[in-house]
Amino acid sequence: KDEIEKRFKYAVKLLELEKVLKQRPRSLSGGEKRKLAIAGVLVMNPQIIILDEPFANLDYPAVVQVLKALTKLQKEGSTIIVATHEIEKVAFHANSMIILENGTVVLQDRCEKALEKVAEFGIRRPVANSKPIALEDLTWLK
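Residue indices follow the written sequence of each chain, beginning from 1 at its first position. Where local features are concerned, this predicted model is filtered to residues with pLDDT of at least 70; where side-chain atom pairs are given and counted, the filter is 80 or more; whole-chain, interface and lining totals use all residues. The side-chain numbers reported here are obtained from all heavy atoms of the structure, hydrogens and water having been left aside.

Engineer: Could you clarify how one ought to interpret the pairing of strand β4 (residues 104-110) in this entry?
Structural biologist: Two faces, one strand: in a regular strand the side chains alternate between the faces of the sheet. Where strand β3 (residues 96-101) lies against β4, 6 bridges are found, and the strand directions are antiparallel. Residue Ile99 lies in a different strand from β4, and its bridge partner there is Leu107. Should DSSP find at least two bridges between two strands, the strands are regarded as paired. The numbering of helices and of strands both runs from the N terminus, where a helix is a DSSP run of H or I of at least 4 residues and a strand a run of E of at least 2. The hairpin formed by β3 and β4 contains 2 residues between the paired strands, and Asn102 there has a positive phi angle of roughly 55°.

Engineer: Can you help me understand unusual backbone geometry in this one?
Structural biologist: Residues apart from glycine generally show negative phi values, whereas peptide bonds are mostly found in trans. One non-glycine residue, Asn45, lies in the positive phi region at around 55°. Topologically, Asn45 is positioned in the loop between α2 (30-43) and β1 (48-52). Backbone geometry at Asn129 places phi at a positive 55°, although glycine is not the residue there. Assignment of secondary structure puts Asn129 in the loop between β5 (127-128) and β6 (131-132). Asn129 gets classed as exposed once you look at its relative accessible area, which sits at 75%. Exposure classes here rest on a 1.4 Å probe applied to the protein chains alone. A residue is buried below 20% of its type maximum, exposed above 50%, and partly exposed in between.

Engineer: Which parts of the structure should I look at to understand the packing of helix α1 (residues 2-14) against α2?
Structural biologist: Angle between the axes and distance between the axes: these two values describe a pair of packed helices. Every axis in this analysis is a line fitted to C-alpha atoms, fitted for helices over the stretch in contact. Angles between the N-to-C directions lie between 0 and 180 degrees. Viewed as axis vectors pointing N to C, α1 and α2 meet at an angle of 145°, and their least axial separation amounts to 9 Å. Between α1 and α2 the crossing geometry is right-handed. Residue-level inspection shows Ile4, Arg7, Phe8, Ala11 and Leu14 of α1 in contact with α2, the latter providing Ala39, Leu42 and Val43. Residues belonging to the contact of α1 with α2 are distributed by class as follows: 7 nonpolar, no polar and 1 charged. Two helices crossing with the near one rotated counterclockwise from the far one by less than a right angle form a left-handed crossing, whereas a clockwise rotation gives a right-handed crossing. Two residues qualify as a contact provided that any one of their heavy atoms is within 4.5 Å of a heavy atom in the partner residue. The classification used treats Ala, Val, Leu, Ile, Met, Phe, Trp, Tyr, Cys and Pro as nonpolar, Asp, Glu, Lys and Arg as charged, and all other residues, Gly among them, as polar.

Engineer: Mind showing me how you'd approach a nonpolar patch on the surface here?
Structural biologist: Residues enter a patch when their relative accessible area is above 30% and they make no salt bridge; the linking distance is 9 Å between like charges and 5 Å between nonpolar side chains (Val, Leu, Ile, Met, Phe, Trp, Tyr). A 1.4 Å probe and the Shrake-Rupley method give the accessible areas. Residues count as covered only by the protein chains that appear here. Criterion for a salt bridge: a side-chain nitrogen of Lys or Arg within 4 Å of a carboxyl oxygen of Asp or Glu. On the surface, Phe8, Leu21 and Leu36 cluster together into a nonpolar patch covering about 230 Å² of accessible area. Mapped onto the secondary structure, Leu36 falls in helix α2.

Engineer: Looking at this structure, how should I read the side chain of Gln65?
Structural biologist: Topologically, Gln65 is positioned in helix α3 (residues 60-75). Polar contact criterion, stated in full: a pair of N or O atoms within 3.5 Å, where within protein one must be able to donate a hydrogen and the other to accept it, and residues adjacent in sequence count only if both atoms are side-chain atoms. A polar atom in the side chain of Gln65 sits 2.3 Å from the side chain of Lys35. Among residues more than four places away in sequence, those in contact with Gln65 are Leu15, Glu16 and Lys35.

Engineer: Sorry, what's going on with the environment of Ser29 here?
Structural biologist: Turning to its location among the elements, Ser29 is positioned in the loop between α1 and α2. Put simply, Ser29 and Leu58 are 29 residues apart on the chain and 9.1 Å apart in space, counted from C-alpha to C-alpha.

Engineer: Sorry, what's going on with the packing of aromatic side chains here?
Structural biologist: Ring pairs (aromatic) are described by centroid distance and by the angle formed between their planes. When the centres of two rings from Phe, Tyr and Trp lie within 6.5 Å, Trp using its six-membered ring, the rings pair. Their planes under 30 degrees apart give stacked, over 60 give edge-to-face, and anything left gives tilted. A complete count under the given rule lists 1 aromatic pair for this structure. Judged by centre distance (5.3 Å) and plane angle (25°), the rings of Tyr60 and Trp140 are stacked. Of this pair, Tyr60 sits in helix α3 while Trp140 sits in the segment after β6, and the two are 80 residues apart along the sequence. Judged by its relative accessible area of 24%, Trp140 falls in the partly exposed class.

Have a look at this one:
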């Protein structure tokens, strides 16, 4: 019981959910519900975390909070797999990128190499001023 309480407090603090704990679930925004769902997974203390579109319904501050949480968990030794269409949010923080097409792996490489090839698979590489954004500039955590 003490361990569960410790994990709960850690997840709440990590995702900055203190203010929503006393609210009714129906009153929460989509982003707050998403963060609460992620916190629920973290309480289970998994070694591998698989997230499907974790940034859906999140505003900019919430995206930053979730990215900070994921990078902290990564540094603490968790393996994190993120399925997303928003590569600009995770490419800098990821070790590798896998692109699936109809359930088949069509590309698997380190992010810096994979970014050079994503357009071949109909994926828009993030650009600024009509130029591809360098991997080191693809972070929301500055």
